[in-house]
Amino acid sequence: MTMTREGIARQILTPTRRGSVAPFLVMDVMTAAAKAEAEGQSVIHMEVGQPAAPTPLSIRQAAAQALSDGQIGYTLALGIPELRQRIARHYAETHGIEVPIGRIAVTMGSSSAFILTFLALFETGARVAIASPGYPAYKNILEALGCEVVFIETTVATRYAVTPDMLAAEHAKKKLDGILIASPANPTGTMMTPEALKALVEAAQAMGIRFISDEIYHGLSYEMPCHTALETSEDVVVINSFSKYYCMTGWRIGWMIVPESLARSVECLAQNLFISAPQLSQVAALAAYEATAELEVIKAGYAANRRVLLDGFPKVGLDRLLPVDGAFYVYADVSRYTNDSLDFARRMLAETGIAATPGPDFDPYGGLQAIRFSFAGSTAEMEEAVRRLGAWLK
Ligand SMILES: Cc1ncc(COP(=O)(O)O)c(C=O)c1O
């Protein structure tokens, strides 16, 4: 039987293997939370990894001015020079490091910086190590680009950090081409000490493993300052974003610092893949550096929220927590209550109105015993969450 033209088209228009990435389970939680809210339930949103606070007014005003001026077009692929210069100043002021603007690329959030980095650094088939638990898009982007992901399981013993020994052991089994780490990390909120970060950068370089540092949660640390991998070496790729500390998730704006040797490749890739980051968002990002007073107030709110949860959770039975050095997450071990955190999250939402993210988004194995609570909301919500959990878990 001959197939119709439509039949042939339908048969070939199917997703590729690399296009079939796993969904974020958190999206299912968000859908269920929206449904519960529509039905009149009071929901505390602790599932989303973004600031509840709006983008500071001064940033929005800078964007409004640019809008009324009307010049919203393509920019240079690596970004407007004023913003790249301002980012360079940020490294000089915050870390005492001189970064030539030729090594700075403005990107559409850190998400597009990952794509540029992986394409510039890795051939298909390259083996790239990431920590588990970790941010799920690392794996999904790497695999979509034809790389092989090597999970390095981390535990509380190393504060969920990859150590030089762990990296060497994995490299000895089969050669690694790269490693990507985040500090502060998502979902655990843990940070590497400056010594641990330095040791890992040096160990990776000695083994010929390319080092990528996701520093998106920089600015959000509670116990120690954030250190960049650039303090150890300029031969690393550093990825950062205006999404978290600067409360600009929806503006899709971030940046990366690359070694001289990669700058031209990243520029040509950016020209072809994205042309440029949105000009409006670049103007807004430039203004973000003047919004420190407002941003520090928002951060003080996170610090208060963190205190409420770290004091309150153990009293209601969630006592297996990490210190939460940075970011705005508490990753709680719920193995006392369940071996299925997906079911736990579903019931918690239905019975208490608290929406949080089940661990398998971040760790396919151990994640079944963990829940990530985001504390990027208000302190009153955090207090209410502790109260509701106390009543529910007793
Ligand atoms: C660790 C980490 N890296 C990167 C991202 C992506 O952020 P964006 O593309 O908004 O910069 C996120 C978002 O939640 C994250 O948690």
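For the structure itself, consult the block above.
Residues numbered from 1 in each chain as written. Predicted model: local features only at pLDDT ≥ 70, side-chain atom pairs only at ≥ 80, totals over all residues. Heavy atoms only, no water.

Things to note about the site of the ligand
Every one of the 14 residues lining the ligand counts as a neighbour, but Ser111, Asp214, Ser241, Ser243 and Lys244 are closest to it. Interatomic distance of 2.5 Å between a side-chain N/O atom of Ser111 and an oxygen atom of the ligand. In this structure, a nitrogen atom belonging to the ligand sits 2.7 Å away from a side-chain N or O atom of Asp214. In isolation the ligand exposes 400 Å². Once the protein is present, 92% of that is buried. Structurally, the ligand is housed in the largest pocket. With 4 residues, the top contributor of residues to the shell around the ligand is helix α5 (residues 109-121). (Near = heavy atom within 4 Å. Polar contact = N/O pair within 3.5 Å; in protein donor to acceptor, adjacent residues only side chain to side chain. Areas by Shrake-Rupley, 256 points an atom, 1.4 Å probe, with all protein chains shown as cover. 1 Å grid on protein atoms, 1.4 Å probe; cavity = no way out; pocket = protein on both sides within 12 Å on 5 of 7 lines; lining within 4 Å. Sits in = over half its atoms within 2 Å of the grid points. Helix = DSSP H or I, 4+ residues; strand = E, 2+ residues; numbered from the N terminus.)

Some remarks on the packing of aromatic side chains
Scanning all chains against the criterion turns up 18 aromatic pairs. Feature note: the residues Phe114, Phe118, Phe122, Tyr135 and Tyr138 constitute an aromatic cluster, connected by ring pairs. (Phe/Tyr/Trp six-rings, centres within 6.5 Å; stacked < 30°, edge-to-face > 60°.)

Quick word on helix α7 (residues 164-173)
The complete set of buried residues in α7 reads Leu167, Glu170 and His171. Burial along α7 is one-sided: seen end-on, the buried residues are contained in an arc of 100 degrees. Turned more than 90 degrees away from the buried face of α7 sit Asp165, Ala172 and Lys173, all of them exposed. (Buried < 20%, exposed > 50% of the residue type's maximum accessible area, 1.4 Å probe, protein only. Arc of directions from axis to C-beta.)

Focus on the sheet that holds strand β12 (residues 370-374)
In spatial order, the strands read β9-β12-β11; together these 3 strands make up an open sheet with antiparallel pairing. A single partner strand is all that each edge strand has here, and the edge strands are β9 (329-333) and β11 (357-358). Looking at chain direction, β11 and β12 are connected through 2 bridges and run antiparallel. The residue of β12 that forms the bridge with Pro358 is Ile371. (Pairing = 2+ DSSP bridges.)

Function cannot be inferred from these measures alone, as they are strictly geometric.
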